Amino acid sequence: MRWIQTIPPDVKPSLQKTMVDRLASVVGRDAVISQESELVVYECDAYTMQKNLPTAVVLPATVEEVVQVVRVCNELGLPIIPRGAGTSLSGSVLAVDGGVMIALTRMNRILNIDVRNRRALVEAGCVNAWITREASPHGLFFAPDPSSQPACTIGGNIATNSGGPHTLKNGVTTNHVLGYEIVLPDGSLKWLGVGPDGGEDVEGYDLRGAAIGSEGMFGVVTRALVRLVKTPASFKTFLAVFDSVDQASHTVSDIIAAGIVPAALEMMDQVITRALEEAYKVGFPLDAGAVLIVELDGLPGGVEHQAKQVEAICAKNNAREVRLAKDDAERAALWKCRKRAFGAVGRLSPNYVTQDGVVPRSKVPTIMQFIREVSEKHQLRIPNVFHAGDGNIHPLILFDERDPDQVKRALLAGDEILTKCVELGGSVTGEHGIGAEKIDFMEKQFTKDDLEAMKKLRAVFDPDQRCNPHKMFPGAKRCAEFAQKKQVAV
Amino acid sequence: MTPAFLDESKALACVHCGLCLSSCPTYLETGNENDSPRGRIYLMRAIQAGKLGVDAEPVKHVDLCLGCRACETACPSGVQYGTLLEETRDHIEKHHKRSVFQTVLRRWIIERVFPFPWRTSVALLPVRVLRFLRLDGLLPGFARSMLELVPQRLAKRKLEAKRLAKGEAKGDVGFIEGCVMQVMFGETNESSAELLQRDGWNVVTPREQGCCGALYAHGGQLEKARECARKNIAAFEGTPLEAIIINAAGCGSTLVEYGELLKDDPAWADRAKAFSAKVKDLVSWLDEGGVKPTGDCSRVTYHDACHLCHAQGISTEPRRLVQARAGGEFVELTESDLCCGSAGSYNLTEPEMAERLQTRKVQNIIDSGAEVVVTTNPGCLLQIQSGLKKAGADHVRAVHIADYLKDEKG
Ligand SMILES: Cc1cc2nc3c(=O)[nH]c(=O)nc-3n(C[C@H](O)[C@H](O)[C@H](O)COP(=O)(O)OP(=O)(O)OC[C@H]3O[C@@H](n4cnc5c(N)ncnc54)[C@H](O)[C@@H]3O)c2cc1C
Ligand code: SF4
Ligand code: SF4
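Residues numbered from 1 in each chain as written. Chains lettered and ligands numbered in written order. Predicted model: local features only at pLDDT ≥ 70, side-chain atom pairs only at ≥ 80, totals over all residues. Heavy atoms only, no water.

Student: Is there a simple way to think about the environment of Asn384(A) in this case?
Tutor: All names here are of chain A. Here asparagine 384 shows up in the loop between α13 (364-378) and β18 (385-386). Judged by relative accessible area, which is 4%, asparagine 384 ranks as buried. Residues asparagine 384 and glycine 209, spaced 175 residues apart in sequence, show a C-alpha to C-alpha distance of 31 Å. If we skip the residues at most four places from it in the chain, asparagine 384 touches Met267, Met268, Asp269, Ile272, Met368, Ile371, His394 and Pro395. At 3.3 Å, the side chain of asparagine 384 and the backbone oxygen of isoleucine 382 are in polar contact. (Helix = DSSP H or I, 4+ residues; strand = E, 2+ residues; numbered from the N terminus. Buried < 20%, exposed > 50% of the residue type's maximum accessible area, 1.4 Å probe, protein only. Contact = heavy atoms within 4.5 Å. Polar contact = N/O pair within 3.5 Å; in protein donor to acceptor, adjacent residues only side chain to side chain.)

Quick look at the structure:
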């Protein structure tokens, strides 16, 4: 088995000892990880194309511990990297130049579910899906539903402003976070937005939005007050089967053009449906060119009416078949399948990179055609599964990291696809963030002035650029070898 | 280069997505990526690649793994974590030097006593004497935690070689007695046989059967596990059987994998496959049509034994059986499929984590408001019973599903 090179952080032994001792005095020995043999697992997140060891990882258990840890790092001038579950697909938790990773995984409690006011107070390390699990007996749920929801944390969701299949109607994380507590890089503790005991109004400036989507560069989120919404009275979930991706894409445009906002509108192409069928046996037709999952929710009457429209639109676009999930169990099976699609691709290939681009909905057929061409050109399989309703595509580029040439081609293919997204008037990230992966695209997408404005905002929170450094902005430092060759397998 | 001990394609099936993280009991407790499935696979691959040695740290994190396989249920990529774990443990036992204490514990107590019913009963004898004399408090803490698991009353019993069906016979099924089962839960074996008889099956219990080999396989002693497998396969080949029934999920999960265990042994591969194909857990063999609700039922909940729900994917059948008997009194248990910390000999090798998970499980049971908690594995029963006792929750009983169903069925 080959191993991908990692670069041990360059820290003087004396500093290393001081650091470990001081961190341990805050959180205890067992919550400080500093030996190389135990740091290895922290060298990357779910994006495995770049790897680097952090200098240390700490696992604080309380807000006060986080504050003290950040203060120690501040005094020692060490970078800090907030970490949730490490499911980022863009290397946003990569310790590019070493640094102290602060993992919130021990702070994972739901502190309070306030049924009357429909909100929940949770610790930042709380797993997304747990909130709905606890709220559902009260007829409530937490709407942002990234496919990684059984594992990813609220802190990570806030930092990347996560979306999911149901964001089409419900909105993304920022629409469901009322306020949160954040430890700034100098160790000060702030609450931004609606306070845990307050009404819906914010006194003074509402700075809540500032750090949402900041990819861990503004500080460490420690607690969050999130909104809960009422579980819809009824659902209708369709599986529509098409011979071609084109037909499916046109159906998507037509549904939106008809003024229908489905709860979710997802597309999967043939390679994905086959992999999923092999894994879960839900009855996807193996020869279909593409399938759509269309979910409608709301009051029974309205849902009924829209369902008729959707069925007509599918028929007009020559859908081969439109199946209705007959009960909750079937509906759940369909969603389980969809949400596990990325992972199921592991059955097809030892490695893959998930790309995350956005195009205007009308350009979905164009980008799909382009992806097919890129796939042929680089001789790599590129299945697609994505949020068709908002034009957020997720081509999965399959490769084998043991073959350096494939790695190179995979990186090129990704670059070409994202460049095309920008050309078509879209963007290089829908929801997975820029991280370490997509720095090069920032200049393609934003003007100098845009970037300057972002940097200025960041400087307000993190003047020393010590919080999750070397991410997002062009000119940031890379893992040495990656910067030279953009090739990682050795 | 380290000799290849991992099946490379199986190791590469992990795409590092992290979806398994929050299903892992040890990760939930420590929050350390090293104690997560994704982290452990990463460590295994690092050892394989020669990047890490078979040193104290990686071994510590692999040791802490319960082998509960909750990660397999969660994994969308179909990673066969159980196989990777066994391969790694085998490698560790060959190349890692353990402390004298750990060696004695692993090689002698766990592997030389538990798999043999008569040795287990002899080894437990002093425990009973101490308890009778009320001197058990004198033992060191570690030994005491072991003691807590020993039921107050042992019910050793062996089944007859053949029991006939009640009423018209549908056919013959084999029955596996299990080492711990027959020593500590003889009554449960009785109940299981009785249920099968009422269901119309002749129950055949060959004398020649022995330990299923699970303790060896999980402890990284694959050759010894294979020996056990051969012995059992031979023992059940004599009579034509519709199925081979097991009522201990831990043994069951190993029995269904004999095919995999012996796949490279030409003389045994096919026989092993045929054997494994016949193995059925009691709950997936019994027909729930025969179970009737009883009027005065206590509130009941169900704990998923890892080796049934994660290793064998069986979770709806036992619920249906329990619900058939309990009527409206069934409640779901929060984190019902999270390991209780028993995990075979884990109690003995990792007492601290075992206790943390036991406390977590018992708290969930108490919070559910149930007075009966039903499960399917002797290890879970011992662990939950002793946990309930520690927590002073005397109003809750933990019972094996066979005993639960037997009382009211028929
Ligand atoms: C299989 C799979 C499917 C996915 N599907 C989706 C999807 O549908 N939609 C989507 O949006 N994303 C998706 N993702 C990406 C990822 O899961 C999300 O970005 C998620 O929000 C990350 O959460 P995390 O806890 O894993 O954070 P991490 O990966 O640990 O961190 C992500 C970023 O958040 C920062 N961060 C984490 N915790 C904190 C904190 N407490 N305070 C401050 N900053 C913090 C980190 O510094 C980093 O920049 C998917 C990933 C995988 C592997
Ligand atoms: S074991 Fe499965 S779920 Fe876990 S990280 Fe690997 S592929 Fe993902
Ligand atoms: S087998 Fe259980 S304890 Fe071990 S990694 Fe998997 S989930 Fe965790």
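Student: What is the right way to read the pattern of salt bridges from this model?
Tutor: Under the counting rule described, the total for this entry stands at 50 salt bridges over all chains. With its nearest N and O atoms 3.0 Å apart, the salt bridge here joins Lys316(A) to Asp254(A). Taken together, the residues span a long stretch of sequence, with Lys316(A) in helix α10 (residues 300-316) and Asp254(A) in helix α8 (residues 245-257) at a distance of 62 residues. Assessed through its relative accessible area of 59%, Lys316(A) is described here as exposed. Overall, Asp254(A) belongs to the partly exposed group, its relative accessible area being 22%. The salt bridge partner of Arg230(B) is Asp265(B), with a shortest N-O separation of 2.9 Å. Placement of the pair is Arg230(B) in helix α13 (residues 222-236) and Asp265(B) in the loop between α15 (258-261) and α16 (269-278), with a sequence separation of 35 residues. One exposure class covers both Arg230(B) and Asp265(B), and it is buried. Sharing partners across several salt bridges, the network here consists of Glu29(B), Glu335(B), Glu352(B), Arg356(B) and Arg360(B). (Salt bridge = Lys/Arg side-chain N within 4 Å of Asp/Glu carboxyl O.)

Student: Please clarify how the domain arrangement of chain A should be interpreted in this entry.
Tutor: You'll often see interface size given as the accessible area lost when the parts meet. Residue and element names in this part refer to chain A. Segmenting chain A into domains produces domain 1 (1-231 + 447-490) and domain 2 (234-423). Each of domain 1 and domain 2 has a C-alpha centre, and these two points are 29 Å apart. With both sides pooled, the region where domain 1 packs onto domain 2 buries about 2,100 Å², and carbon together with sulfur makes up 62% of that total. It is Met49, Leu168 and Lys169 in domain 1 that bury the most area against domain 2; as a group they hold 29% of the surface buried on that side. Its salt-bridge partner being aspartate 297, residue lysine 169 comes within 2.7 Å of it at the nearest N-O pair. Where domain 1 touches domain 2, the interface holds four residue pairs in polar contact (both at pLDDT 80 or more). Here the residues of the side of domain 1 that touches domain 2 sort into eight nonpolar, six polar and four charged. (Domains from an automatic or database assignment. Buried area = accessible area lost by both parts, 1.4 Å probe. Nonpolar A, V, L, I, M, F, W, Y, C, P; charged D, E, K, R; others polar.)

Student: How should helix α11 (residues 328-339) of chain A be read in this particular structure?
Tutor: In an α-helix there are 3.6 residues to a turn, and that puts residues three or four apart on one side. In a regular helix each residue adds 1.5 Å, so 12 residues correspond to 16 Å; α11(A) covers 16 Å between its end C-alpha atoms and thus fits that length. Inspection of α11(A) places Arg331(A), Leu334(A), Trp335(A), Cys337(A), Arg338(A) and Lys339(A) among the buried residues, and these make up the whole buried set. (Expected span 1.5 Å × (residues − 1).)

Student: What exactly am I supposed to notice about the site of ligand 2 here?
Tutor: Taken together, 13 residues sit near ligand 2, with Cys14(B), Cys17(B), Gly18(B), Cys20(B) and Cys75(B) positioned nearest. Class assignment of the residues belonging to the shell around ligand 2 gives a composition of nine nonpolar, three polar and one charged. (Near = heavy atom within 4 Å.)

Student: How should the interface of chain A and chain B be read in this particular structure?
Tutor: Taken together, the contacts link 43 residues of chain A with 40 residues of chain B. Both sides together, the interface formed by chain A and chain B hides about 3,400 Å², and carbon and sulfur atoms give 56% of it. Between the two partners, chain A and chain B, sit four salt bridges. Between Arg402(A) and Glu8(B) there is a salt bridge whose closest N-O contact spans 2.5 Å. Among the residues making up the side of chain A that touches chain B, the classes are represented as 18 nonpolar, 13 polar and 12 charged.

Student: Any chance you could explain the site of ligand 3 here in plain terms?
Tutor: Around ligand 3 sit Cys24(B), Pro25(B), Pro37(B), Arg40(B), Cys65(B), Leu66(B), Gly67(B), Cys68(B), Arg69(B), Ala70(B), Cys71(B) and Tyr81(B), and that is every residue in its neighbourhood. Residues of the shell around ligand 3, tallied by class, amount to nine nonpolar, one polar and two charged.

Student: How should the sheet that holds strand β9 (residues 189-193) of chain A be read in this particular structure?
Tutor: Residues and elements named next belong to chain A. Taken in spatial order, the five strands make up an open sheet running β5-β6-β10-β8-β9, and their pairing is antiparallel. Single-partner strands in this sheet number two, and they are β5 (110-114) and β9. Neighbouring strand axes in the sheet, compared pairwise and without regard to direction, differ in orientation by 10 degrees on average. Both β5 and strand β6 (residues 119-123) contribute to a ladder of four bridges, which runs antiparallel. Paired with asparagine 112 across the strands is leucine 121, a residue of β6. Lying on the sheet, helix α3 (residues 63-76) is in contact with β8 (177-183), β9 and β10 (220-227); it crosses β10 at an angle near 145 degrees. (Pairing = 2+ DSSP bridges. Axes fitted to C-alpha atoms, helices over the stretch in contact; angles between N-to-C directions.)

Student: When you look at the pairing of β9(A) in this model, what are you seeing that I'm missing?
Tutor: Residue and element names in this part refer to chain A. Here five bridges tie β8 to β9, and the two strands are oriented antiparallel to one another. For glutamate 181, the partnering residue across the bridge sits in β9 and is tryptophan 191. Hairpin connection from β8 to β9: five residues lie between these consecutive antiparallel strands, with glycine 187 at a positive phi of about 95 degrees.

Student: Teacher, can you tell me more about unusual backbone geometry here?
Tutor: The phi angle of most residues is negative, glycine excepted, and most peptide bonds adopt the trans form. All names here are of chain A. A positive phi angle is found at arginine 118, which is not glycine, with a value near 50 degrees. Looking at the element boundaries, arginine 118 is found in the loop between β5 and β6. Phi at asparagine 318 takes a positive value of approximately 60 degrees, unusual for a residue other than glycine. Structurally, the position occupied by asparagine 318 is in the loop between α10 and β15 (321-324).

Student: When you look at the packing of helix α3 (residues 37-48) of chain B against helix α6 (residues 81-95) of chain B in this model, what are you seeing that I'm missing?
Tutor: A packed helix pair is summarised by two numbers, namely the angle formed by the two axes and the spacing between the axes. Residue and element names in this part refer to chain B. Where α3 meets α6, the closest approach of the two axes is 11 Å, and the angle between their N-to-C directions is 45 degrees. Between α3 and α6, the angle is such that the two are oblique. The interaxial crossing formed by α3 with α6 has left-handed handedness. Of α6, the residues touching α3 (which contributes Pro37, Arg40, Ile41, Met44 and Ile47) are Tyr81, Leu84, Leu85, Thr88 and His91. (Parallel < 35°, antiparallel > 145°, perpendicular 65-115°, else oblique. Left-handed = near helix turned anticlockwise from the far one by under 90°.)

Student: So what exactly am I meant to see when it comes to the sheet that holds strand β2 (residues 171-176) of chain B here?
Tutor: Hydrogen bonds between backbone groups are what pair the strands of a sheet, and the pairing can be parallel or antiparallel. Residue and element names in this part refer to chain B. Read across the sheet, five strands follow the order β1-β3-β2-β4-β5 without closing on themselves; strand pairing throughout is mixed. In this open sheet, the two strands that pair with only one neighbour each are β1 (162-163) and β5 (279-281). Across four bridges, the pairing between β2 and strand β3 (residues 201-204) is parallel. Residue pairing in the sheet places glycine 171 in a bridge with tryptophan 201 of β3. Along the sheet, helix α11 (residues 186-198) makes contact with β1, β2, β3 and β4 (243-246), crossing β3 at roughly 145 degrees.

Student: Is there a simple way to think about the nonpolar core in this case?
Tutor: Here is a general trend for soluble globular proteins: nonpolar side chains tend to be buried in one another's company. Formed by 100 residues in total, the largest nonpolar core has its most connected members in Leu23(A), Ile102(A), Ile131(A) and Tyr180(A). Sort the elements by how many residues they give to this core and α3(A) lands first, with seven residues. Apart from the residues lying within four places of it in its own chain, the contact partners of Ile102(A) are Val58(A), Pro60(A), Val69(A), Val70(A), Ile80(A), Ile81(A), Pro82(A), Arg83(A) and Val220(A). With 48 residues, the next largest nonpolar core counts Leu159(B), Phe175(B), Leu381(B) and Ile401(B) among its residues. (Core = buried A, V, L, I, M, F, W, Y, C linked by side-chain atoms within 4.5 Å.)

Student: Would you mind going over the packing of aromatic side chains with me for this structure?
Tutor: Two descriptors summarise a pair of aromatic rings, namely the distance from one centre to the other and the angle between the planes of the rings. In the structure shown here, the tally under the stated rule is four aromatic pairs over all chains. Judged by centre distance (5.1 Å) and plane angle (50 degrees), the ring pair of Trp201(B) and Trp285(B) falls under tilted. Highlighted residues: Trp201(B) in strand β3 and Trp285(B) in helix α17 (residues 282-285), separated in sequence by 84 residues. Among the aromatic side chains, those forming a connected cluster through ring pairs are Phe236(B), Tyr258(B) and Phe275(B). Directly above the ring of Phe235(A) sits Arg331(A), whose terminal nitrogen or CZ lies 3.5 Å from the centroid. (Phe/Tyr/Trp six-rings, centres within 6.5 Å; stacked < 30°, edge-to-face > 60°. Lys NZ or Arg CZ within 6 Å of the ring centre and 35° of its normal.)

Student: What is the right way to look at the pairing of β4(B) in this model?
Tutor: It is a general feature of regular strands that their side chains alternate between the two faces of the sheet. Residues and elements named next belong to chain B. Where burial is concerned, the two faces of β4 agree: the one with Ala243 and Ile245 and the one with Ile244 and Ile246 are both buried. Of the strand pairs in this sheet, β4 and β5 are connected by three bridges, and their pairing is parallel. By the bridge assignment, isoleucine 246 is partnered in β5 with aspartate 281.

Student: What am I meant to see in the side chain of Glu87(B) here?
Tutor: Residue and element names in this part refer to chain B. Relative to the helices and strands, glutamate 87 resides in helix α6. Here the side chain of glutamate 87 touches aspartate 7 through a polar contact of 3.1 Å, landing on its backbone nitrogen. In contact with glutamate 87, other than residues within four places in its own chain, are Phe5, Leu6 and Asp7.

Student: In this structure, what is going on with the environment of Glu311(A)? I would like to understand it.
Tutor: All names here are of chain A. Its location among the elements puts glutamate 311 in helix α10. On the basis of relative accessible area, glutamate 311 is assigned to the partly exposed category, the value being 37%. For the pair glutamate 311 and phenylalanine 238, spaced 73 residues apart in sequence, the C-alpha separation works out to 8.9 Å. In this structure, glutamate 311 is in contact with Phe238 and Val322, ignoring residues within four places of it in sequence.

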